[in-house]
Amino acid sequence: MYSEIAANKRKTVIIMGVFIAFVLAMGWLFGQYSGSPTITPFVLIGSLIYVLITYAAGSRLALAINGAKEIAKKDIPVLWRIVENLSITEGLPMPRVFVIDDPAPNAFATGRDPKHAVVCVTTGLMDILDKKELEGVLAHELGHVKNYDIRVSMVAFGLVAVISILADIMLRMTWFRDRDDNNNNNQVFFILGIVAAILAPLIATLIQLSISRKREYLADATGALTTRYPEGLASALEKITKHGGAMKRQNASTAHLFFVNPLRGRSIASLFSTHPPTAERVNRLRQMGTRA
């Protein structure tokens, strides 16, 4: 299990590095395309500010748009005690606990860092899982907190938004450029700008999805290590998949936060899925159990 955690951390660092390099390249291209290379540093500074704002406000937005309500220990003592015990085991501060009134079994964690973490579950999750399975899911979510996945997810989301904004501006600028300008250098950047504006959001989204998938595997491994019972999490995954995790409230912007995909329907198969295949997750967990 330790080797699984280490491998997924390395892969996430590499993918995140590629993501940041891609943002820098987009900033440089934006400066060249606009004809004012000196604005590139300002574009990058503005992008950083936008990412920080998204990161700071993201958790409150995620809770609000999904209709999550905070609970106290007296409201659902069993759920509260499981979160409390797992937090002690992980050496984490007790997170705030929220519940979504939804029959779909699902959960997510969010927040800036472990001191400001939130764990949220649906009523449907508590209805269909036994205690060991629920512990497995909550250990997975606290794994996201411990591994700072909540921070990685918010930063990645902000970077995707920045790239999409730059690409949109570049595409709109094509309508205002002098079409009679025959300068070869300008024509090259004109073509590059159009190509970048069309492809950049797609590439950025794919990078974000790669990060999300790696963090899911990492949280699975961390959760299994916490409970010392990978079968509980594997069983929960199978049960949730059979029941279906699609939520009543459909919010694509927060889908990557959830334990399983909360959206209805199947997009272009696994290419645009924020979550790795359930069968692969279950297989990895059971392999961890045999190696533990």
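Residues numbered from 1 in each chain as written. Predicted model: local features only at pLDDT ≥ 70, side-chain atom pairs only at ≥ 80, totals over all residues. Heavy atoms only, no water.

*Asks:* Any details on the overall build of the chain? Residues and values, ideally.
*Replies:* When you go through the chain residue by residue, the secondary structure sums to 9 helices and 4 strands. Reading the chain from its N end, one meets helices and strands in the order α-α-β-α-β-β-β-α-α-α-α-α-α. Out of the 292 residues belonging to the chain, those deemed buried represent 50%. A separation of at least 24 residues holds for 72% of the contacts in the chain among residues at least 6 apart in sequence. (Helix = DSSP H or I, 4+ residues; strand = E, 2+ residues; numbered from the N terminus. Buried < 20%, exposed > 50% of the residue type's maximum accessible area, 1.4 Å probe, protein only. Contact = heavy atoms within 4.5 Å.)

*Asks:* Please provide a residue-by-residue account of the packing of helix α3 (residues 77-90) against helix α5 (residues 131-146), values included.
*Replies:* The contact between α3 and α5 brings their axes to 10 Å, and the two run at 50°. Here α3 is positioned oblique relative to α5, judged by the angle of their axes. The handedness of the crossing between α3 and α5 is right-handed. Between α3 and α5, the contacting residues are Leu79, Ile82, Val83, Leu86, Ser87 and Glu90 on the first element and Lys131, Leu134, Glu135, Leu138, Ala139, Leu142 and Lys146 on the second. Looking at the contact of α3 with α5 residue by residue, the classes come out as 8 nonpolar, 1 polar and 4 charged. (Axes fitted to C-alpha atoms, helices over the stretch in contact; angles between N-to-C directions. Parallel < 35°, antiparallel > 145°, perpendicular 65-115°, else oblique. Left-handed = near helix turned anticlockwise from the far one by under 90°. Nonpolar A, V, L, I, M, F, W, Y, C, P; charged D, E, K, R; others polar.)

*Asks:* Could you give an account of α5, naming the residues involved and the relevant values?
*Replies:* Its 16 residues place the ends of α5 22 Å apart at the C-alpha level, agreeing with the 22 Å of an ideal helix rising 1.5 Å per residue. Most of α5 sits out of view: 13 of its 16 residues are buried. Between a side-chain oxygen at the N-terminus of α5 and the backbone nitrogen of Lys132 the separation is 3.2 Å; the capping residue is Asp130. Phi turns positive, to about 60°, at Tyr148, one or two residues after α5. (Expected span 1.5 Å × (residues − 1). Polar contact = N/O pair within 3.5 Å; in protein donor to acceptor, adjacent residues only side chain to side chain.)

*Asks:* How would you explain the sheet that holds strand β1 (residues 69-70) if you had to name every residue and give the values?
*Replies:* Paired through backbone hydrogen bonds, the strands of a sheet run either parallel or antiparallel to each other. Taken together, 4 strands build an open sheet; the order of strands is β1-β2-β4-β3 and the sheet is mixed. The outermost strands of the open sheet, each flanked by one partner alone, are β1 and β3 (107-110). Examined bridge by bridge, β1 and strand β2 (residues 96-100) share 2 bridges and lie antiparallel to one another. Its bridge partner lying in β2, Lys69 is registered against Val99. (Pairing = 2+ DSSP bridges.)

*Asks:* An account of helix α2 (residues 40-65) is requested, with residue identities and associated values reported.
*Replies:* Residue Gly58 marks the point of greatest curvature in α2, where the axis turns by about 45°. Those residues of α2 not exposed but buried are Thr40, Val43, Ser47, Val51, Thr54, Tyr55, Gly58, Ser59, Ala62 and Leu63. Just past α2, the residue Gly67 takes up positive phi, approximately 70°. (Bend = angle between axes of the 7 residues up to and from the residue.)

*Asks:* With reference to specific residues and values, describe the nonpolar core.
*Replies:* Of all hydrophobic cores here, the largest spans 35 residues; its most connected members are Leu79, Leu125, Val137, Leu138 and Phe259. Only α3, β2, β3, β4 (118-122), α5, α7 (184-227), α8 (230-243) and α9 (278-291) provide two or more residues apiece to this core. At 6 residues, α5 tops the list of elements feeding residues into this core. Ignoring sequence-local partners within four residues, the contact set of Val137 consists of Ala107, Leu125, Leu129, Leu233, Ala236, Ile240 and Phe259. By size, the runner-up hydrophobic cluster in this structure holds 23 residues, among which are Met26, Val160, Ala167 and Ala200. (Core = buried A, V, L, I, M, F, W, Y, C linked by side-chain atoms within 4.5 Å.)

*Asks:* An account of the confidence of the model for the chain is requested, with residue identities and associated values reported.
*Replies:* Mean pLDDT for the chain: 82, with 83% of residues reaching 70 or above. Predicted confidence for residues 267-271 stays below pLDDT 50, and this span has 5 contacts to residues more than four positions away or in other chains. (pLDDT = per-residue confidence, 0-100.)

*Asks:* Please provide a residue-by-residue account of the pattern of salt bridges, values included.
*Replies:* Tallying each qualifying case throughout the model produces 10 salt bridges. Its salt-bridge partner being Glu90, residue Lys146 comes within 2.8 Å of it at the nearest N-O pair. Highlighted residues: Lys146 in helix α5 and Glu90 in helix α3, separated in sequence by 56 residues. For Glu90, a relative accessible area of 10% translates into the label buried. Between Arg215 and Asp149 there is a salt bridge whose closest N-O contact spans 2.3 Å. Within this pair, whereas Arg215 is found in helix α7, its partner Asp149 is found in helix α6 (residues 149-173), the two being separated by 66 residues in sequence. (Salt bridge = Lys/Arg side-chain N within 4 Å of Asp/Glu carboxyl O.)

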